[in-house]
Each structure stands twice: as structure tokens, then as C-alpha cells.
Amino acid sequence: MNDAILVTMSNDPRGTVITVPGELDMDTCPALRQATTTATASQTALHLDLAGVPFMDVTALHLLLDLHQDFQQRGVPLDISGCRRQPTRLLTLTSSRHLLPRTQPVEAARLRPPRVSSSGRPPGAVPPWRGCGRRGGGQRRPLRCRGRG
């Protein structure tokens, strides 16, 4: 893993733009924290461009949530854009999707539609009659198992 990442900062009419390349994890988050601390001193809007971030762990998630809370308390706009598949999924699974603007395309919409077998179930799905045994005569009817609702 990298010990640090090269964070690029630039000024824009909208505010400060920070471009982050590479993975955001426990080893690389301190560099981003330092860059955001420097950028927030000017009290202008901050735009985080995460298009170069293929992977983000829970440390980066905490950093983004802390930044969001800090900026919200100060009334300074924070814009996060360019999230790729894994970071977007992490934000979605942790109910932190509100950090991304609504105009950003949902990564899940770009995914393939789910495959469905001829039986109408996703591949690998267990038929309802499996796992509970069969009724006499080999009939394939759903059964209620003890312990299952």
C-alpha cells in the first residue's frame, strides 16, 4: 500500500478543487485530511474529485462524513463527484449516499441487468422445495420447514 498520495489542489471560480488519485485507505487518508484542512482555511466551497479513486475503505468513509458534517456546520458548500463503482457502493451500503449530488449518475444504473434463469429465479437461487425434503412421490411443492417462517 502507498504511504501517501499526491493530492492536487487548484482554485476555481466555484472554490477549491481537490483531485484525489489512487486508493483512499488508512495509509492515504491523512494526506487528504491535510489537504482539506488547508483548503478549508479560505472558507470557500470545496469540490472533491474522486474520479481517480478505484477503492475506498471505512477510514475514507469516516473522513468524508466528518468533512460533510464540518462543512455543513460552517455553512460552506462541499461537493463530492466522480465516485467510481466501489466507493459509490460503499456509500450506498452505509446509507451515506446523501454525500453525492443527485446529478451524479447512479453507478448501479450502469451495471448489467440481473441475469434470470428460465425458471424466473436468479442463477444459483435455491428452489423453494430444496432444503426441506420432499413430500412423498417426489412432488416438488414448497414445504414449510420447522424453524422457518
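Our subject is the structure listed above.
Residues numbered from 1 in each chain as written. Predicted model: local features only at pLDDT ≥ 70, side-chain atom pairs only at ≥ 80, totals over all residues. Heavy atoms only, no water.

Describing the nonpolar core
- Ranked by internal contacts, the top residues of the largest apolar core, which has 26 residues, are Ile18, Leu24, Leu50, Met56, Leu64 and Ile80.
- Of all elements in the fold, only β2 (15-21), α1 (29-40), β3 (46-52), α2 (58-74) and α3 (85-93) reach the threshold of two or more residues within this core.
- Of the residues forming this core, the biggest block, six residues, is contributed by α2. (Core = buried A, V, L, I, M, F, W, Y, C linked by side-chain atoms within 4.5 Å. Buried < 20%, exposed > 50% of the residue type's maximum accessible area, 1.4 Å probe, protein only. Helix = DSSP H or I, 4+ residues; strand = E, 2+ residues; numbered from the N terminus.)

Some points on α1
- Given a rise of 1.5 Å per residue, 12 residues ought to cover 16 Å, and the 16 Å separating the end C-alpha atoms of α1 matches this to within 8%.
- Looking at α1, one finds that the buried residues are Cys29, Leu32, Ala35, Thr36, Ala39 and Thr40. For α1, the buried positions fall inside an angular range of 130° around the axis, keeping them on one side.
- Here the buried face of α1 lies against β1 (8-12), β2, β3 and α2. (Expected span 1.5 Å × (residues − 1). Arc of directions from axis to C-beta. Contact = heavy atoms within 4.5 Å.)

A closer look at the pairing of β3
- Relative to β3, β2 runs parallel, the two being bridged by five bridges. Looking at the pairing, isoleucine 18 lines up with leucine 48 of β3.
- Judged from the four bridges that link them, β3 and strand β4 (residues 78-81) form a sheet pairing that is parallel. Within β4, the position partnered with leucine 46 by the bridge is leucine 78.
- Taken together, β3, α2 and β4 constitute a β-α-β crossover, and its handedness is right-handed. (Pairing = 2+ DSSP bridges. Right-handed = clockwise from strand over helix to strand, strands pointing away.)

Re α3
- Of all the positions in α3, only Pro87, Thr88, Leu90 and Leu91 are classed as buried. Down the axis, α3 shows its buried residues gathered within 160° of arc, on one side only. Among the exposed residues of α3, those pointing more than 90 degrees away from its buried face are Arg85, Arg89 and Leu93.
- Backbone geometry just downstream of α3 places serine 95 in the positive-phi region, at approximately 55°.

Quick word on the packing of α1 against α2
- Following both chains from N to C, one finds α1 and α2 inclined at 10°, their axes separated by 10 Å at the closest point. Taken together, the axis directions place α1 and α2 in an arrangement best described as roughly parallel. Residue-level contacts link Cys29, Leu32, Arg33, Thr36 and Thr40 of α1 to Thr59, Ala60, Leu63, Asp66, Leu67, Phe71 and Arg74 of α2.
- Across the contact of α1 with α2, the residue classes tally to six nonpolar, three polar and three charged. (Axes fitted to C-alpha atoms, helices over the stretch in contact; angles between N-to-C directions. Parallel < 35°, antiparallel > 145°, perpendicular 65-115°, else oblique. Nonpolar A, V, L, I, M, F, W, Y, C, P; charged D, E, K, R; others polar.)

Structural notes on the pattern of salt bridges
- Under the defined criterion, the tally for this structure stands at one salt bridge.
- A salt bridge links aspartate 66 to arginine 33, with the nearest nitrogen and oxygen atoms 3.5 Å apart. With aspartate 66 in helix α2 and arginine 33 in helix α1, this residue pair connects regions lying 33 residues apart in the sequence.
- A relative accessible area of 32% places aspartate 66 in the partly exposed class.
- Look at arginine 33 and you get partly exposed, because its relative accessible area is 32%. (Salt bridge = Lys/Arg side-chain N within 4 Å of Asp/Glu carboxyl O.)

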